[in-house]
Amino acid sequence: MKRLLDLSLLIDAVNRRLGTLANWGILLACVISAANAMSRYAFDLSSNAWLEIQWYLFAGVVMLGASYTLQRNEHVRVDIVYSQLSERGREWLDLLGTAFFLIPSCLLIGYLSWPFVYESWHIQEISGNAGGLIRWPVKVLMPIGFALLALQGVSEIIKRAAGLMGYRRFDSHYERPVQ
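Procedures and definitions
- Residues numbered from 1 in each chain as written.
- Predicted model: local features only at pLDDT ≥ 70, side-chain atom pairs only at ≥ 80, totals over all residues.
- Heavy atoms only, no water.
- Helix = DSSP H or I, 4+ residues; strand = E, 2+ residues; numbered from the N terminus.
- Expected span 1.5 Å × (residues − 1).
- Buried < 20%, exposed > 50% of the residue type's maximum accessible area, 1.4 Å probe, protein only.
- Salt bridge = Lys/Arg side-chain N within 4 Å of Asp/Glu carboxyl O.
- Core = buried A, V, L, I, M, F, W, Y, C linked by side-chain atoms within 4.5 Å.
- Contact = heavy atoms within 4.5 Å.
- 1 Å grid on protein atoms, 1.4 Å probe; cavity = no way out; pocket = protein on both sides within 12 Å on 5 of 7 lines; lining within 4 Å.
- Points joined across faces, edges and corners; volume = space filled by probe spheres on them.
- Nonpolar A, V, L, I, M, F, W, Y, C, P; charged D, E, K, R; others polar.
- Axes fitted to C-alpha atoms, helices over the stretch in contact; angles between N-to-C directions.
- Parallel < 35°, antiparallel > 145°, perpendicular 65-115°, else oblique.
- Left-handed = near helix turned anticlockwise from the far one by under 90°.
- Polar contact = N/O pair within 3.5 Å; in protein donor to acceptor, adjacent residues only side chain to side chain.

(A) Structural view of helix α6 (residues 141-164). For α6, with 24 residues, the first-to-last C-alpha span of 34 Å sits near the 34 Å given by 1.5 Å per residue. Buried residues dominate α6, accounting for 19 of its 24 residues. Positive phi shows up at G166, right after α6, with a value of about 85°.

Right under this line is the structure:
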């Protein structure tokens, strides 16, 4: 179990760094958006490339930030049942849900996205907009993002199994969002 927990810590560290990168991506997208709007309205200058960079940054934030969100236990869940369970019941539900739903879904979507990415790279797809950017770099975020999410799922399974076996407790506190 010690080696598995070390692997879990490594996965967590990678996704924490990528989550920080995603956070900076949000700031950068906001700055680019503001600068683009200002240049468009103040100086009548605009570029489709700047708009597309914002979209690319948003894709990066979502695809690189999803695994970090799972790690922090801030992902969307159906909490009707979850909030009624004991801590041990939550650990079991997290472990089984991750093993039987999250990881297989991520692996399937990641696998199915590769032909889409390869085709874009192979033909060197470029945006149809004037001054647009090449498309494959943003499309490669799909399989990478889903692979990272599956890896974080492995880390979460390790942590829940360790908790259930009494090795170590991990914070699985979940706070229901205010509605």
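(B) A look at the pattern of salt bridges. On inspection of all chains with the given rule, the structure shows seven salt bridges. Here R90 and E87 are joined by a salt bridge, their closest N and O atoms 4.0 Å apart. Taken together, the positions of R90 and E87, both in helix α4 (residues 87-122) and three residues apart, correspond to about one turn of that helix. Overall, the relative accessible area of 18% leaves R90 in the buried class. Ionic pairing is found between R160 and D94, a salt bridge with its closest N-O pair at 3.2 Å. Placement of R160 in helix α6 and of D94 in helix α4 is noted, with a sequence separation of 66 residues between them. Relative accessible area serves as the criterion here: at 12%, D94 is assigned to the buried category. It is possible to trace a salt-bridge network through shared partners that takes in D12, D94, E156, K159 and R160.

(C) Structural view of the nonpolar core. Y56, M63, L64, L70, C106, V138, L141, F146, L148, L149 and A150 together form the largest nonpolar core, which totals eleven residues. Broken down by secondary-structure element, the contributors of at least two residues to this core are α2 (48-71) and α6. Per-element accounting of this core gives the leading share, five residues, to α6. Residues in contact with L148, not counting those within four places in the same chain, are N15, L18, L64 and S67. Core analysis: the next-biggest nonpolar cluster, separate from the first, contains five residues, L95, I157, A161 and L164 among them.

(D) Focus on the layout of surface pockets. Counted as a void, the largest pocket has a volume near 470 Å³. What lines the largest pocket is a set of 19 residues, and nearest its centre among them are H75, V76, R77, D94 and T98. Mapped onto the lining of the largest pocket, the elements with two or more residues apiece are α2, α3 (79-82), α4 and α6. In terms of residues, the lining of the largest pocket owes the most to one element, α4, which gives six residues. Considered class by class, the residues forming the lining of the largest pocket number ten nonpolar, five polar and four charged.

(E) Representation of the packing of helix α1 (residues 2-43) against α2 in the model. Interaxial distance between α1 and α2 falls to 8 Å at its minimum, and their mutual angle equals 155°. Considered as vectors, α1 and α2 are oriented roughly antiparallel to each other. The two elements α1 and α2 meet at a crossing, and its hand is left-handed.

(F) Geometry of the side chain of S155. Tracing the backbone shows S155 in helix α6. Among the polar contacts listed, one links the side chain of S155 to the side chain of D12, at a separation of 2.7 Å. The contact partners of S155, leaving out residues within four places of it in the chain, are S8, I11 and D12.

(G) Highlighting the packing of α1 against α6. For the pair α1 and α6, interaxial distance at closest approach is 9 Å and the crossing angle is 140°. Between α1 and α6, the crossing angle belongs to the class labelled oblique. In this structure, α1 crosses over α6, and the sense of that crossing is left-handed. Along the contact surface, α1 presents L4, L5, L7, S8, I11, D12, N15 and L18, while α6 presents L148, L151, Q152, V154, S155, E156, I158, K159 and A162. Considering only residue class, the contact of α1 with α6 consists of ten nonpolar, four polar and three charged.

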